[in-house]
Amino acid sequence: MGERETPSNEDDREEDIKIEVSQKRGILVCPFCGSADLVLLGVAGLTPPLYLCRKCGRTTYTPLEIFPENDTKESGT
Ligand SMILES: [Zn+2]
């Protein structure tokens, strides 16, 4: 007696690694009207992705990127 079997689960302690996703991703919005209702028309070869705004109907290669989490802090007014 007194003999304890070590559970193989002890190896699991080493897997206490926190995976933090610090990559913040914003929302792409239309640079013309500010609508987030953008549709990715697709990537064709080397050309950059083309976005179509379903609100104003314009297309753009460079949509604006906004971060709603930062939007809560509004200064002025
Ligand atoms: Zn638009």
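Being a predicted model, the structure only gives us computed values, none of them experimental. (Residues numbered from 1 in each chain as written. Predicted model: local features only at pLDDT ≥ 70, side-chain atom pairs only at ≥ 80, totals over all residues.)

Asker: Tell me about the overall build of the protein chain, residues and numbers included.
Answerer: Helix and strand content of the protein chain: zero helices and five strands. Taken from N to C terminus, the helices and strands of the protein chain fall in the order β-β-β-β-β. In the protein chain, buried positions account for 5% of the 77 residues. Long-range pairs, those at least 24 residues apart, make up 38% of the contacts in the protein chain between residues at least 6 apart in sequence. (Helix = DSSP H or I, 4+ residues; strand = E, 2+ residues; numbered from the N terminus. Buried ≥ 20, exposed ≤ 12 C-beta atoms within 10 Å, placed from the backbone. Contact = placed C-beta atoms within 7 Å.)

Asker: Give a description of the pairing of strand β2 (residues 38-42) that names residues and reports values.
Answerer: Taking burial as the measure, the five residues of β2 include zero buried ones, a minor fraction of the element. By the bridge criterion, four bridges tie β2 to strand β3 (residues 50-53) in an arrangement that is antiparallel. Bridged to leucine 40 within β3 is tyrosine 51. (Pairing = 2+ DSSP bridges.)

Asker: Any chance you could break down the sheet that holds strand β4 (residues 59-60) for me, citing the residues and the numbers?
Answerer: One open sheet holds the three strands; their spatial order is β2-β3-β4, and the pairing between them is antiparallel. Of all the strands in the sheet, the pair left with one neighbour each is β2 and β4. Of the pairings in the sheet, the one linking β3 to β4 comprises two bridges and is antiparallel in character. By the bridge assignment for β4, tyrosine 51 is matched with threonine 60.

Asker: Pulling in residues and values, what's your account of the environment of proline 48?
Answerer: Locating proline 48 in the fold gives a position in the loop between β2 and β3. In this structure proline 48 comes out as exposed when scored by C-beta crowding, with 10 C-beta atoms within 10 Å. For the pair proline 48 and tyrosine 61, spaced 13 residues apart in sequence, the C-alpha to C-alpha distance is 6.5 Å.

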